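# Fold and geometry: a report
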Amino acid sequence: MNEQTTDLRETVRRRYAAAALNVTEGGAACCGPQAVEVDENFGSTLYAADERDVLPAEAVAASLGCGNPTAVAELREGERVLDLGSGGGIDVLLSARRVGPAGKAYGLDMTEEMLSLALANARKASATNVEFLKGDIEAIPLPADTIDVVISNCVINLSVDKPAVFAETFRVLKPGGRIGVSDVVADDALTPDRRAERGDYAGCIAGALSFAEYRAGLEAAGFGEVTITPTHSVAEGMHSAIVRATKPVTAELPTGTGEPAEACCGVDACCTPSESAVDAALTVTEAKTAAGCACRNSGDGATSLSAAPRQV
């Protein structure tokens, strides 16, 4: 990870840590928690009143997203849901109500302050089918093929390694699983520099992918049935959008790799220190990303994800 990438991640972490503390400290005051100040295109106003009313005030106040992914993910009874960048827990708690006692909702966040707030909100909501995990969305601490639906609310655009996010999302989803994501997406004509002119990285603007880039990234990870539907403008040429995609029931490796039977994910000696890409034109990481590989190795710059989920 280079210095610029590290700086961007820390900028995002500080912003969301400050937001969580703002809500927590406000909740201790006489007037209750104060909503984090955001643009009118973001935040809790994007949720229906009847959804907000059944949640702890602190969960609603900490909402910083650009949409309502639980309204578009078509969650069903008994499903297992993962929210990438779960923040104060609003989407996890709403998901938990939709999937019912037989289902489960996981929230993943890298910020200690947000995780503490989310856990407090889960207790206040008496939610027993939720679990919050500390970690990065580029290296999800859950086993492969265990999640029915992945949701996220204006968080993927904050990542400094979006191909890794797409590959990890694909990995943890069961065959036939799906994503229902709200995110900021840029017009294809906008260059990265022009996106940065419209807002900063931590504010969900500068890091946004274009429509074409988003689609290409999901398809490169192995997803099919990709749709990206803009819902409202958040800046000139920038849109909040609903992103849907599906993991095929039978995931196929890219054709033409000439891959031997003992290889997997476009890689020889899978998940060992001696692994190498079957296609000499690709790096190991590129081969795994293209195949949506479930195996990760420390030499690949990621962590092993075979362990069971842990609760913060």
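Source: prediction; values computed, not measured. (Residues numbered from 1 in each chain as written. Predicted model: local features only at pLDDT ≥ 70, side-chain atom pairs only at ≥ 80, totals over all residues. Heavy atoms only, no water.)

Mean pLDDT over the protein: 76, with 63% of residues reaching 70 or higher. Per-element averaging of pLDDT across the protein places helix α3 (residues 57-61) at the bottom with 57 and helix α8 (residues 211-221) at the top with 97. The low-confidence segment residues 27-39 (pLDDT under 50) makes 24 contacts with residues lying over four places distant or belonging to another chain. In this model residues 253-262 is a low-confidence stretch, pLDDT under 50, and it forms 15 contacts with partners more than four residues away in sequence or in other chains. (pLDDT = per-residue confidence, 0-100. Helix = DSSP H or I, 4+ residues; strand = E, 2+ residues; numbered from the N terminus. Contact = heavy atoms within 4.5 Å.)

The next point concerns the pairing of strand β5 (residues 173-186). β5 sits mainly inside the fold: 11 of its 14 residues count as buried. Looking at chain direction, strand β4 (residues 147-153) and β5 are connected through 6 bridges and run parallel. Looking at the pairing, I151 lines up with G180 of β5. Taking the sense of rotation as the criterion, the β-α-β connection linking β4, helix α6 (residues 162-172) and β5 turns out right-handed. (Buried < 20%, exposed > 50% of the residue type's maximum accessible area, 1.4 Å probe, protein only. Pairing = 2+ DSSP bridges. Right-handed = clockwise from strand over helix to strand, strands pointing away.)

What follows concerns the packing of aromatic side chains. Using the criterion set out here, one finds 2 aromatic pairs in the structure. Residues F166 and Y214 carry aromatic rings whose centres are separated by 5.5 Å and whose planes lie at 45 degrees to one another, so their mutual orientation is tilted. A residue pair is termed long-range when its members are at least 10 positions apart, and F166 in helix α6 and Y214 in helix α8 qualify at 48 residues. The exposure class of F166 is buried, given its relative accessible area of 4%. Exposure remark for Y214: the relative accessible area of 2% places this residue in the buried category. For the ring pair F170 and F223, a centre distance of 5.2 Å and an interplane angle of 90 degrees mean the geometry is edge-to-face. (Phe/Tyr/Trp six-rings, centres within 6.5 Å; stacked < 30°, edge-to-face > 60°.)

Here we come to the side chain of D183. Tracing the backbone through its elements, the reader meets D183 in strand β5. Here D183 sits buried without a salt bridge, and the closest side chain of opposite charge, K162, lies 7.5 Å off (N-O distance). Here Y214 takes part through its side chain, which lies 2.6 Å from a polar atom of the side chain of D183. (Lys, Arg positive; Asp, Glu negative; His and termini not counted. Salt bridge = Lys/Arg side-chain N within 4 Å of Asp/Glu carboxyl O. Polar contact = N/O pair within 3.5 Å; in protein donor to acceptor, adjacent residues only side chain to side chain.)

Within the sequence span of α8, burial applies to F211, Y214, G217, L218 and A221. The buried residues of α8 occupy one face: seen down the axis, they fall within an arc of 135 degrees. Buried residues belonging to α8 abut α6, β5, β6 (209-210), β7 (224-235), β8 (238-246) and α9 (284-291). Looking one or two residues past α8, G222 carries a phi angle of roughly 115 degrees, positive in sign. (Arc of directions from axis to C-beta.)

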